[in-house]
Amino acid sequence: MKRMLSGIKPTGQLHLGNYIGALRHFVENQEDYEMFAFIANLHCITVMQDPEELRNNLRDCVALYLACGLDPKKATIFLQTDVKAHAQLGFIACCHTYLGELNRMTQFKDKQAKGETNLSGGLYTYPSLMAADILLYDADYVPVGEDQKQHVELTRDLAERFNHRYGELFKVPEPLVSKVGARIMSLSDPSKKMSKSDDNDKGCIYLLDDLKVARKKVMSAVTDSLAQVKYDPQNQPGISNLMQIYSSLDNNRSFEEIEKEFEGKGYGDFKRAVADKVCATLEEIQNRYHTILESNLIEETLKDGAHKANAIADAKLKQVQQAIGMEIIQK
Ligand code: TYM
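To start, this report covers the structure provided alongside it. Keep in mind that what you see is a predicted model, and the values were worked out from it rather than measured.

Analysis parameters
Starting from 1, residues in each chain are numbered consecutively following that chain's sequence as written. Whole-chain, interface and lining totals are the exception, using all residues; otherwise, since this is a predicted model, local features are given only for residues with pLDDT of at least 70 and side-chain atom pairs are given and counted only at 80 or more. Based on all heavy atoms of the structure, the side-chain values leave hydrogens and waters out of the count. Residues are classed as near a molecule or strand on a simple rule: at least one heavy atom within 4 Å of it. For the purposes of these results, a polar contact is taken to be a pair of N or O atoms within 3.5 Å, where, inside protein, one atom must be able to donate a hydrogen and its partner to accept one; residues adjacent in sequence count only when each atom of the pair is a side-chain atom. Using a 1.4 Å probe, accessible areas were evaluated by the Shrake-Rupley method; residue-level cover was limited to the displayed protein chains. The way it works is that DSSP assigns letters per residue, a run of H or I at least four long becomes a helix, a run of E at least two long becomes a strand, and they are numbered from the N terminus. The salt bridge definition used is simple: a Lys or Arg side-chain nitrogen within 4 Å of an Asp or Glu carboxyl oxygen. Using a 1.4 Å probe on the protein chains alone, a residue whose accessible area is under 20% of its type maximum counts as buried, one over 50% counts as exposed, and one in between counts as partly exposed. Angles shown run from 0 to 180 degrees and are taken between the N-to-C directions of axes, each axis being a line fitted to C-alpha atoms and, for helices, limited to the stretch in contact. Any angle that is under 35 degrees is reported as roughly parallel, and any over 145 degrees as roughly antiparallel; angles of 65 to 115 degrees are reported as roughly perpendicular and all others as oblique. For this analysis, residues touch if any pair of their heavy atoms sits within 4.5 Å. When residues are sorted by character, Ala, Val, Leu, Ile, Met, Phe, Trp, Tyr, Cys and Pro go into the nonpolar class, Asp, Glu, Lys and Arg into the charged class, and all the rest, Gly among them, into the polar class. In this scheme Phe, Tyr and Trp rings, the latter by its six-membered ring, pair at centre separations within 6.5 Å, and the angle between planes marks the pair as stacked below 30 degrees, edge-to-face above 60, and tilted otherwise. To form a nonpolar core, buried Ala, Val, Leu, Ile, Met, Phe, Trp, Tyr and Cys residues must be joined to one another through side-chain atoms within 4.5 Å. Boundaries of every domain are those given by an automatic assignment or by a domain database. Note that the arc is computed from the directions linking the helix axis to the C-beta atoms.

1. Let's talk about the site of the ligand
The immediate surroundings of the ligand are formed by 29 residues, with Lys9, Asp133, Gly145, Asp147 and Ile184 found nearest. One of the backbone nitrogen or oxygen atoms of glycine 17 is found 3.1 Å away from a nitrogen atom of the ligand. Within the contact set of the ligand, an oxygen atom lies 3.5 Å away from a side-chain nitrogen or oxygen of lysine 196. Protein contact buries 98% of the 710 Å² of open area that the ligand shows by itself. Elements with a minimum of two residues in the shell around the ligand: β1 (3–8), α1 (16–29) and α6 (121–135).

2. Let's talk about the pattern of salt bridges
Within this structure, the stated rule accounts for 17 salt bridges. Among the salt bridges present, the one from glutamate 101 reaches arginine 161, with a minimum N-O distance of 2.6 Å. Taken together, the positions of glutamate 101 in helix α4 (residues 99–103) and arginine 161 in helix α7 (residues 149–166) put the pair 60 residues apart, joining distant regions of the chain. The residue aspartate 276 makes a salt bridge to arginine 215 at a minimum N-O spacing of 2.8 Å. Here aspartate 276 is found in helix α11 (residues 267–293), whereas its partner arginine 215 is found in helix α8 (residues 211–219), with 61 residues between them in sequence. You can call aspartate 276 partly exposed: its relative accessible area is 43%. The class of arginine 215 is partly exposed, set by a relative accessible area of 29%. When salt bridges that share partners are traced, they join Asp250, Arg253, Glu257 and Glu261 into one network.

3. As for the packing of helix α2 (residues 51–67) against helix α12 (residues 297–324)
It is the contact of α2 with α12, at a shortest axis distance of 10 Å, that shows an interaxial angle of 90°. The angle between α2 and α12 places the two elements in the roughly perpendicular class. Side by side, α2 and α12 meet where Arg59, Val62, Ala63 and Leu66 of the first sit next to Leu297, Ile298, Thr301 and Leu302 of the second. Its residues assigned to classes, the contact of α2 with α12 comprises 6 nonpolar, 1 polar and 1 charged.

4. Here's the deal with the packing of aromatic side chains
Going through the model one piece at a time under the given rule, you end up with 12 aromatic pairs. When the ring of tyrosine 231 is compared with that of phenylalanine 255, the centres are 3.9 Å apart and the planes differ by 10°; the resulting orientation is stacked. Note that tyrosine 231 is positioned in the loop between α8 and α9 (237–248) and phenylalanine 255 in helix α10 (residues 255–261), a separation of 24 residues in sequence. Given a relative accessible area of 27%, tyrosine 231 falls into the partly exposed group. The structure contains a cluster of three or more aromatic residues connected by ring pairs, namely Phe36, Phe38, Phe78 and Tyr137.

5. Structural notes on the nonpolar core
Grouped together as the largest cluster of nonpolar side chains are 61 residues, with contacts concentrated most on Tyr65 and Phe270. The dominant element in this core, judged by the number of residues it contributes, is α11, at 10 residues. Counting contributing residues, this core receives three or more from each of domain 1 (3–182 + 295–323) and domain 2 (201–291). Other than its neighbours up to four places away in sequence, phenylalanine 270 contacts Val229, Ile239, Leu242, Met243, Tyr246, Ile258 and Phe262.

6. Some remarks on α8
Among the residues of α8, Ala214, Lys217 and Val218 are the ones counted as buried. The buried residues of α8 occupy an angular sector of 100° when projected down its axis, which confines them to one face. Set apart from the buried face of α8 by more than 90 degrees, the exposed residues are Lys212 and Lys216. By the N-cap criterion, in which a side-chain oxygen at the helix start approaches the backbone nitrogen of a residue two or three places on, α8 is capped by aspartate 210, the distance to lysine 212 being 2.9 Å.

If you want it as structure tokens, here you go:
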């Protein structure tokens, strides 16, 4: 069975972009792949966190993985810090990454360009840690949204570099970026990605949003004055974004079908249909989330997941350290 691995940072609450671009694919693929889904709690401290808030977000993130349909019997679900090999291989990977490569990473460049100050060293080097996350497990595929593709490409370069220098050590992974929904845009500004760090809360639908609030966000999404439901990201970015959401939440229906369904109808009708889909999805997730919070499932899942992940990651780390010449005693 081929192996798939991905993670999400528990920085703030998970949102619809995370679900459509990543999480739903973890769930869809858990039947056919050996799935590793982790919570990237090292990555999230690359930006300053409030400890109490972070604890809550972590718990919510695990609960939401489960509520969205990840099954701990099929997928290995774990916390990044429960597997120490991530930090260790992360440093080794960092030592094999060139500054030029890190300088090209658009996420860091964007933050710098926005004039954000006090950016941390961890934020700058985090693509190397992400490479380690993936390489430790010899993942074949990495399902991610569009914004993470560049990091998986760096991971491929690093894997090849290691293999070339030390002999065959790592599988070279492939990013899986779906055609539809890999970049869900802000509802209030469709030129920007939907993001936890959006200054404007109206643009982002959180998975735990009150349903009335979520509906309102969809109904007030920015559109245009062309009065036609047509997939045209260039000229109708707002409508095209809503079509991506609608399609993703409705069995990946084609844009042509959606265009036909709303031919001659107003944006109000279309938005109502999108809001219905979004709210139905959220309601189902939230119902499961509340049941999960009242059970022991979170603790059990993380314990089990850490056990399985450590066995694989430790063995790989040892192999790497031996190949590099960092160990002299056979343990
Ligand atoms: P993060 O936490 O920013 O995002 C988690 C996943 O959600 C996707 N995503 C989106 N997809 C569509 N539209 C959006 N608006 C949107 N916003 C976010 C992201 O592309 C991602 O797939 N560095 C990663 C976490 C990570 C990781 C890994 C992922 C750490 N190690 C190893 C894969 C493999 C991150 O910050 O994702």
